[in-house]
2 protein chains.
Amino acid sequence: MRLIVARCEVSYTGRLTTRLAESVRLLMIKEDGTFMVWSDSGGQSVKPLNWMTPPTVVELTDGLVVVRKRAGRSEDRLEIRLLEVLSDVTHDMGEAAGLEKDGVERDLQLLLADDPTHVEAGLRLVKREWPTDVGPVDLMCRAEDDGWVAVEIKRVGTIDAVEQLSRYLDCIRADPSRAGCRGILAAQQLKPQAVALAEQRGIGTACVDLAVLRGEREPELTLFAV
Amino acid sequence: MRLIVARCEVSYTGRLTTRLAESVRLLMIKEDGTFMVWSDSGGQSVKPLNWMTPPTVVELTDGLVVVRKRAGRSEDRLEIRLLEVLSDVTHDMGEAAGLEKDGVERDLQLLLADDPTHVEAGLRLVKREWPTDVGPVDLMCRAEDDGWVAVEIKRVGTIDAVEQLSRYLDCIRADPSRAGCRGILAAQQLKPQAVALAEQRGIGTACVDLAVLRGEREPELTLFAV
DNA sequence: ACTTAGATTTCGCCG
DNA sequence: CGGCGAAGTCTAAGT
């Protein structure tokens, strides 16, 4: 990885056109060809001002950096005019170990499949990823009274999720044996509008806590965790 | 901006939980408190492995960096165990000039409002952002035969855009005087599925070129164009 | 190869 | 402050 701190001007032409007036910025060039321009305190804190994803061609000649990339029939071009280089270092970082994630929607689905009672008391799983004509429902369950219950799981429950579950329910209820199927939207966070629309459509909502789910999963470990 | 290159282990707990095994990485700390962890060639090239947006509290004590942030009732926490610091430099970048963008959807809309004939020959603008119950239509126009035409503008025309325009048309046509209103989806790039669905629903499509729009903006140039 | 859906999406506008 | 839509979204999975 090469890190250049320099007073510079930047212009980009590609899908859109942008310009950056003279200022001190960080140019970050990764081994894989990724190129980024960073300011210390721009508007969007975790996003580079300009960037180009691999595959790129980087040319550094006489106070001018040109980063190019073929984009369909045209070309993406990032041009940096270097007015003063304050620092220019390169570090070999070797092979990086990948990021292990835990707690995304997939995990939420698995945990709730493991124990659907967190969605509604008495719920029993029939099948995960139950297929319908318009896509798979996350969980198909039976309620305490043996009635069918379709569960859609999201990390954030929005109005779109209610629409999605509604489409599934239309399909599911087309089968007379499941005409009485209920629907529940389960999410870590439920938007008020989603709750309102769900209520309007007779769809239930359940707010689930990942920590609680996890705590119930390995009861013996919770004693030592955190 | 502080740039630390170090062999380190990273763990994050917050909305989800992640772990990074020992490896050499770049720690980037911006003046505004933004904290990022970068590898040289991770999977997602233009996105940090871990990050935290301001406001953050950064503690660097004895081979351990702890970045904390209040997140609702809970706390986001990023912990970096430093095993070997290879470099640690700080640069003052002063005030950065902002990024000037040109060529996003907004610009496309303004250019087409200026000259709707690029959507369809003979089209005349009646109003930009014409209100309906389900949101504003980008352009409301009259065709050469004086018939109403609603235009939805996207940078990339997807199936969603066709759905959106369909909803608008339902509302617009509810008024008997505009029952015959046509719809056109105008985009820089049209997805084949969007074209298919549009055709199915009797909605027109128009592929517009930003460069051509821009070139035709000066009337004297039109004489030589095409 | 293309399409669909998730993301610690982020970010900006507008109420 | 919350909801909604755009983004140079990106990325990964399934078909």
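Per-chain numbering applies: the sequence of each chain, read as written, is numbered from 1 onward. Just so you know, chain letters begin at A and ligand numbers begin at 1, following the order they were written in. Predicted model: local features are reported for residues with pLDDT of at least 70 only, side-chain atom pairs are reported and counted for 80 or more only, and whole-chain, interface and lining totals are derived from all residues. Side-chain descriptors were evaluated using all non-hydrogen atoms of the structure, hydrogens and water having been removed beforehand.

As for the protein's contact with DNA strand D
Alright, step 1. Summary of the distance rule: residues count as near a molecule or strand when at least one heavy atom falls within 4 Å of that molecule or strand. DNA strand D sits among 17 residues. The nearest are Trp51, Pro192 and Gln193 of chain A together with Lys154 and Arg155 of chain B.
Alright, step 2. Taken together, the sugar and phosphate atoms account for 70% of what DNA strand D places within 4 Å of the protein.
Alright, step 3. Counting of polar contacts relies on pairs of N or O atoms within 3.5 Å, with two restrictions inside protein: one atom must be capable of donating a hydrogen and the other of accepting it, and residues adjacent in sequence are counted only when both atoms are side-chain atoms. One of the side-chain nitrogen or oxygen atoms of arginine 15 of chain A is found 2.7 Å away from a phosphate oxygen of DNA strand D.
Alright, step 4. Within the side chain of lysine 154 of chain B, one N or O atom sits 2.5 Å away from a phosphate oxygen of DNA strand D.
Alright, step 5. Strands are runs of DSSP state E lasting at least 2 residues, helices are runs of H or I lasting at least 4, and numbering of each runs from the N terminus. Elements that contribute at least two residues to the surface near DNA strand D include exactly strand E4 (50-52) and helix H3 (192-200) of chain A together with strand E11 (148-157) of chain B.
Alright, step 6. The nonpolar class holds Ala, Val, Leu, Ile, Met, Phe, Trp, Tyr, Cys and Pro. Asp, Glu, Lys and Arg form the charged class, and all remaining residues, Gly among them, are polar. Counted by class, the surface near DNA strand D contains six nonpolar, four polar and seven charged residues.

Quick word on helix H1 (residues 105-114) of chain B
Alright, step 1. In this scheme, a residue with accessible area under 20% of its type's maximum is buried, one over 50% is exposed, and one in between is partly exposed, where area comes from a 1.4 Å probe on protein chains only. Listed in full, the buried residues belonging to H1 of chain B are Asp107, Leu108, Gln109, Leu111, Leu112 and Ala113 of chain B.
Alright, step 2. The criterion used for residue contact is that any of the two residues' heavy atoms lie within 4.5 Å. Buried positions along H1 of chain B lie against strand E8 (100-102), strand E9 (124-132), strand E10 (135-142), E11, strand E12 (182-190) and helix H4 (210-215) of chain B.

Considering unusual backbone geometry
Alright, step 1. A cis amide bond links proline 54 of chain A with the next residue in sequence, proline 55 of chain A, at an omega value of 0°.
Alright, step 2. Mapped onto the fold, proline 55 of chain A is located in the loop between E4 and strand E5 (57-61).
Alright, step 3. Even without glycine at this site, aspartate 146 of chain B takes up a positive phi of about 75°.
Alright, step 4. Position of aspartate 146 of chain B relative to the elements: it lies in the loop between E10 and E11.

Notes on the protein's contact with DNA strand C
Alright, step 1. In the vicinity of DNA strand C, 18 residues are found, and the nearest of them are Gln44, Lys101, Lys154 and Arg155 of chain A together with Gln193 of chain B.
Alright, step 2. Here, DNA strand C places atoms within 4 Å of the protein, and 79% of those atoms are sugar or phosphate.
Alright, step 3. Between DNA strand C and lysine 154 of chain A there is a distance of 2.5 Å, counted from a phosphate oxygen to a side-chain nitrogen or oxygen.
Alright, step 4. At 3.0 Å, a backbone N or O of tryptophan 51 of chain B approaches a base oxygen of DNA strand C.
Alright, step 5. Class assignment of the residues belonging to the surface near DNA strand C gives a composition of seven nonpolar, four polar and seven charged.

Some words on the relation of the copies chain B and chain A
Alright, step 1. For the least-squares superposition of copies, only C-alpha atoms count, and only for residues with pLDDT at least 70 in both. If you rotate chain B by 179° and push it 0.1 Å along the axis, it lands on chain A with an RMSD of 0.4 Å. Such values leave the two copies arranged in the relation of a two-fold axis. Taking C-alpha positions as the reference, the residue of chain B nearest the rotation axis is lysine 47 of chain B, at 3.9 Å.

Examining the side chain of threonine 34 of chain A
Alright, step 1. Locating threonine 34 of chain A in the fold gives a position in the loop between strand E2 (17-29) and strand E3 (35-38).
Alright, step 2. Using a relative accessible area of 0% as the deciding quantity, one classes threonine 34 of chain A as buried.
Alright, step 3. Within the local environment of threonine 34 of chain A, its side chain forms a polar contact with the side chain of aspartate 32 of chain A, the two groups lying 2.7 Å apart.
Alright, step 4. Here threonine 34 of chain A is in contact with Met28, Ile29, Met52 and Pro54 of chain A together with Ser45 and Val46 of chain B, once residues within four sequence places are set aside.

Re the pattern of salt bridges
Alright, step 1. What counts as a salt bridge is simple: a side-chain nitrogen of Lys or Arg found within 4 Å of a carboxyl oxygen of Asp or Glu. Enumeration according to the criterion identifies 26 salt bridges over all chains in this entry.
Alright, step 2. We note a salt bridge from arginine 77 of chain A to glutamate 75 of chain A, for which the minimum N-O separation is 3.7 Å.
Alright, step 3. Residue class for arginine 77 of chain A comes out partly exposed when judged on its relative accessible area of 30%.
Alright, step 4. Ionic pairing is found between arginine 182 of chain B and glutamate 120 of chain B, a salt bridge with its closest N-O pair at 2.9 Å. With arginine 182 of chain B in strand E12 and glutamate 120 of chain B in the loop between H1 and E9, this residue pair connects regions lying 62 residues apart in the sequence.
Alright, step 5. Classification of arginine 182 of chain B by relative accessible area gives partly exposed; the value is 34%.
Alright, step 6. Connected through shared salt-bridge partners, Glu59, Arg68, Glu75, Arg77 and Glu79 of chain A make up one network.

So, the sheet that holds strand E9 (residues 124-132) of chain A
Residues and elements named next belong to chain A.
Alright, step 1. Across the sheet, five strands lie side by side as E9-E10-E11-E12-E13; this open sheet has mixed pairing. Among the strands making up the open sheet, the edge pair consists of E9 and strand E13 (204-207). On average, adjacent strands in this sheet sit at an angle of 30° to one another, irrespective of strand direction.
Alright, step 2. The pairing criterion is simple: DSSP has to find at least two bridges between the two strands. Taken together, the four bridges between strand E10 (residues 135-142) and strand E11 (residues 148-157) define a ladder with antiparallel strand orientation. Bridging from a neighbouring strand, leucine 139 pairs with valine 151 of E11.
Alright, step 3. The strands touched by helix H1 (residues 105-114) within the sheet are E9, E10, E11 and strand E12 (182-190), with E11 carrying the most contacts at an inclination of about 145°. Under this scheme, a helix contributes an axis fitted over its contacting stretch, all axes are lines through C-alpha atoms, and angles between N-to-C directions fall in the 0 to 180 degree range.

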